Amino acid sequence: MAHSGRRDSPELPDFSLLKRLARDQLIYLLEQQHEVDKLYKVEYKPIISTSDQVCFLIRPRIQTVKWIYVANADKAAGKFRRYKIIFTPQKFYACEAVLEEQGLFGDVTTDEWAFYLLPLDDDIISLELPEFFRDNFLAGDQRWVRTVGSALHLLHSIYGPFSKIYGIGRCAKMAYESWKEQVEEGDTKARQAEIGNAFLIDRDVDYITPLCSQVVYEGLVDDIFRIKCGCVEFGHDVTSSDKSVKVMLNSQDKVFSEIRNEHFSNVFSFLSQKARNLQTAYDKRRGMDIKQMKTFVSEELKGLKQEHRLLSLHIGACESIMKKKTKQDFQELLKTEHSLLEGFEIRECISFIEEHINRQVSMIESLRLLCLLSITENGLLPKDFRALKAQYLQSYGVDHLLTFANLRQLGLLVEQQPGETLTVMESKVGKLVNDKTAGKLTDAFSSLAKKSHFRALSRKLNLVPKSDEEYDLRVPRDMAYIFSGAYIPLSCKLIEQVLERDSWTGLEEVTKLLNGHEFAFTDLRAKSDAQRIILVMFLGGCTFSEISALRFLGRERGYKFIVVTTAITNSSRLIEALLGNKV
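A short tour of the structure in this document, coming up. (Residues numbered from 1 in each chain as written. Predicted model: local features only at pLDDT ≥ 70, side-chain atom pairs only at ≥ 80, totals over all residues. Heavy atoms only, no water.)

### Some remarks on the overall build of the chain
Piece 1. Along the chain, the regular secondary structure elements total 25 helices and twelve strands.
Piece 2. When burial is assessed residue by residue, the chain has 54% of its 583 residues classed as buried.
Piece 3. Looking at the chain alone, contacts between residues at least 24 apart form 76% of all its contacts between residues at least 6 apart.
Piece 4. Surface exposure of the chain reaches about 28,200 Å², of which carbon and sulfur atoms provide 51%. (Helix = DSSP H or I, 4+ residues; strand = E, 2+ residues; numbered from the N terminus. Buried < 20%, exposed > 50% of the residue type's maximum accessible area, 1.4 Å probe, protein only. Contact = heavy atoms within 4.5 Å. Areas by Shrake-Rupley, 256 points an atom, 1.4 Å probe, with all protein chains shown as cover.)

This is how it looks when you write it as structure tokens:
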């Protein structure tokens, strides 16, 4: 089932070096702490240990630092130990300020473990910073920008200079500037380039994609079971036993690698065929002589057993997904999403959302649908906004007033102002694009910040394919297959268009609709033979659907994409990060 790429597709760089560097640095830091006797999960309670030294390895989060009150507890009990905190990927002044407030600053030594990048697979690297989205886009906390710049600098240092860097978004521009500053300060020794072009994309450039229901297999597994650091835990409903099983989901899993990017409707038939083929491989034992049986056992049996175990797990996962999605009226949900994307039957969509809220089907899902409605329609009509907000608060609690404020701040769920119909807004944008006065253009667009122009973008980029033709999901013709042929992710379409043009030229109207902040940089020294290896960095998270879309684009055009992200996200994680009661 896994579609083979073009034969001339380049080989990806070896990212195992990133793991080795991080491991060696951690070993160096820990060797300074002799005789490590036990590992503990950091919790808000004293540590019971007879050791005279305690080392904490934590993220630079204020709440986590507040948990480290063991030193004061020890003081009160008359114990005196040495304490060390290793922050990863870096330490912040705010964390040291907390230690000072608690009276621990002089008793605790601190260090950094510069573990910026975690390779999850051959073509996926994560910074594992799920808080990046809320901190940067909602709270305006830009401390992680330097971390992203350092991650880019690490890739640049190990795998050579990028030939060209394209970016769009305010955070992307700042991360680029941070990276550029570090390059100018550091070693300028030329290295052979293993990566050609690089893209930096802010998550707020495209909110539609993470708000849509995922229907590729890996995306659904993430939605249902939650993939963490490339690992998923399947419960008894999948394993058909009392025990849960943790599985690494990457290209080393031969079964998973063939179905991860496929539309879910194709997966079960593939697994059924795979099971029949596996049974045929087992059956060939019959009639073997002793020599043949010995060869079979030593060379094939172990691999067949491993494949059988993985096949069983993925069949179980498929069955569990089908049960849960059938229970949730998944087809009706997808129909509503597709109608919103196409701009048809909006009143029927609103009725569906109202029923969804009133039945209390899912707090997160209801918010997701409200946001999708708002973005696709450039805001809700005042009467609809008030009615839907009131119904939501009645169903899920008035404490979500802050949630609505957060969503409004990001432009995810807004009320149309008088005179701001979709036609009027697009007319304003059209006039601004033709205005040659730079000052007027900048001022006017800052006033249009947080406004969605999805319909205009959809027409200019053909994001919603015409529905008058039957879409064969078994033989996808474009990236829209990841959403059942209903929508091409805006983020991926931008990458495709820039690669075709080799610049932002010709996309001026599109970038203006996206509030600008696009940029391009060319390194004249970098003559790369790896122009078809492209790094894409998502600031604020990316979905497995987008990764599948980029893999499809790569197969079609002869590229290999490397996805670097601050974290893997989906609709649930996106909305959960904005809940008003989140601290």
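Still to come is the rest of the account.
### Describing helix α4 (residues 93-101)
Each α-helix winds once per 3.6 residues, and so residues spaced three or four apart point in a common direction.
Piece 1. Within α4 the residues assigned to the buried category are C95, E96, A97, V98 and L99.
Piece 2. For α4, the elements touching its buried residues are α2 (62-67), β2 (82-87) and β3 (108-112).
Piece 3. Looking one or two residues past α4, G103 carries a phi angle of roughly 75°, positive in sign.

### Regarding the sheet that holds strand β5 (residues 124-126)
Piece 1. Taking strand neighbours across the sheet as the criterion, the seven strands line up as β4-β5-β12-β11-β7-β6-β10 in an open arrangement whose pairing is mixed. The sheet terminates laterally at β4 (118-121) and β10 (518-522), the two strands that pair on one side only. Looking at each pair of strands side by side, their axes are set apart by 20° on average, direction ignored.
Piece 2. As judged from the five bridges shared by strand β6 (residues 164-168) and β10, these two strands associate in the antiparallel manner. By the bridge assignment, I165 is partnered in β10 with F521.
Piece 3. Against the sheet, helix α6 (residues 143-159) engages β5, β7 (197-202), β11 (533-539) and β12 (560-565), with an angle of about 165° to β11. (Pairing = 2+ DSSP bridges. Axes fitted to C-alpha atoms, helices over the stretch in contact; angles between N-to-C directions.)

### Looking at the pairing of β11
Piece 1. With seven of its seven residues buried, β11 lies for the most part within the structure.
Piece 2. Residues I533, L535, M537 and L539 point to one face of β11 and I534, V536 and F538 to the other, with burial holding for every one of them.
Piece 3. Of the strand pairs in this sheet, β7 and β11 are connected by six bridges, and their pairing is parallel. Of the residues in β11, the one forming a bridge with F199 is V536.
Piece 4. Pairing of β11 with β12 involves six bridges; the strand directions are parallel. By the bridge assignment for β12, L535 is matched with I562.
Piece 5. Regarding topology, helix α24 (residues 544-557) serves as the crossover connection from β11 to the parallel β12, and that connection is right-handed. (Right-handed = clockwise from strand over helix to strand, strands pointing away.)

### So, the pattern of salt bridges
Piece 1. Considering all chains together, one arrives at 30 salt bridges under this definition.
Piece 2. Put simply, E131 and R61 hold a salt bridge, and the shortest N to O gap is 2.6 Å. You can see E131 sitting in the loop between β5 and α5 (132-138) and its partner R61 sitting in the loop between β1 (53-58) and α2, a full 70 residues away along the chain.
Piece 3. In this structure, R557 engages E500 in a salt bridge whose closest nitrogen and oxygen atoms are separated by 3.3 Å. (Salt bridge = Lys/Arg side-chain N within 4 Å of Asp/Glu carboxyl O.)

### Focus: the packing of aromatic side chains
Piece 1. In this structure the tally under the stated criterion is 20 aromatic pairs.
Piece 2. Measuring from ring centre to ring centre gives 5.1 Å for F92 and W144, while their planes differ by 80°; the resulting arrangement is edge-to-face. Placement of F92 in the loop between β2 and α4 and of W144 in helix α6 is noted, with a sequence separation of 52 residues between them.
Piece 3. What makes F92 buried here is its relative accessible area of 9%. (Phe/Tyr/Trp six-rings, centres within 6.5 Å; stacked < 30°, edge-to-face > 60°.)

### What about α6?
Piece 1. End to end, α6 covers 26 Å across 17 residues, agreeing with the expected 24 Å (1.5 Å per residue, within 8%).
Piece 2. Directly after α6, the chain includes G160, whose backbone phi takes a positive value near 85°. (Expected span 1.5 Å × (residues − 1).)

### Points about unusual backbone geometry
Piece 1. T88 connects to P89 through a cis peptide bond whose omega is 5°.
Piece 2. Counting through the fold element by element, P89 comes out in the loop between β2 and α4.
Piece 3. One non-glycine residue, S240, lies in the positive phi region at around 60°.
Piece 4. Along the polypeptide, S240 turns up in the loop between α10 (236-239) and β9 (245-248).
Piece 5. For S240, a relative accessible area of 69% gives the class exposed.
Piece 6. Of note in the backbone geometry, N378 takes a positive phi value of approximately 55° without being a glycine.

### Let's talk about the environment of L249
Piece 1. Mapped onto the fold, L249 is located in the loop between β9 and α11 (254-259).
Piece 2. The buried category is assigned to L249, whose relative accessible area is 4%.
Piece 3. Taking the C-alpha atoms as reference, L249 lies 9.0 Å from R260; in sequence the two are eleven residues apart.
Piece 4. Among residues more than four places away in sequence, those in contact with L249 are V221, I227, G230, V232, F256, R260 and H314.

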